[in-house]
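Report on the structure
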Amino acid sequence: MTKPLIAIVEDDDSMRPALVGLVRSMGYDGEGFGSAETFLASDAANRASCLVSDYQLPGLSGIDLAARFKNGLPVIMVTARTEPGIDALAAAQGVLCVLRKPFEADDLAALIRGALDR
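Treat the numbers as computed from the prediction; the structure is a model and nothing was measured.

The rules we used
Residues numbered from 1 in each chain as written. Predicted model: local features only at pLDDT ≥ 70, side-chain atom pairs only at ≥ 80, totals over all residues. Heavy atoms only, no water. Pairing = 2+ DSSP bridges. Helix = DSSP H or I, 4+ residues; strand = E, 2+ residues; numbered from the N terminus. Axes fitted to C-alpha atoms, helices over the stretch in contact; angles between N-to-C directions. Contact = heavy atoms within 4.5 Å.

1. As for the sheet that holds strand β3 (residues 50–54)
As summarised here, the arrangement of the five strands in space is β2-β1-β3-β4-β5, forming an open sheet in which the pairing is parallel. The outermost strands of the open sheet, each flanked by one partner alone, are β2 (29–33) and β5 (97–100). Neighbouring strand axes in the sheet, compared pairwise and without regard to direction, differ in orientation by 20 degrees on average. Sheet analysis places β3 next to strand β4 (residues 75–79), joined by four bridges and oriented parallel. Across the sheet, Asp54 pairs through a bridge with Val78, a residue of β4. Packing against the sheet, helix α1 (residues 15–25) makes contact with β1 (5–9) and β2, and its axis sits at approximately 170 degrees to β2.

Structure follows, in structure tokens:
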């Protein structure tokens, strides 16, 4: 049986491998990408079971990336930004949840499991 692929789109070079390591420790396959464009150009965009994306990315934003998968691939958004309206904007693009940085690994793990159970 193939393990679900969790795609991580995060431009922070220290956070990305940590998140990939987390999903692998959960028993899933994990692949990390430094930009939305790199992810979209990869075959992972077609194979992923869940996408964890930073909100603020160089080039195409996490929100714009999520919009491309609206009502398809489950998307969990992570961000350090706190301004009002981000959650509503994300929800309008089909994002399951916005998780604020810094967050606990267990919180993200629970969200990923929930996304896969949908």
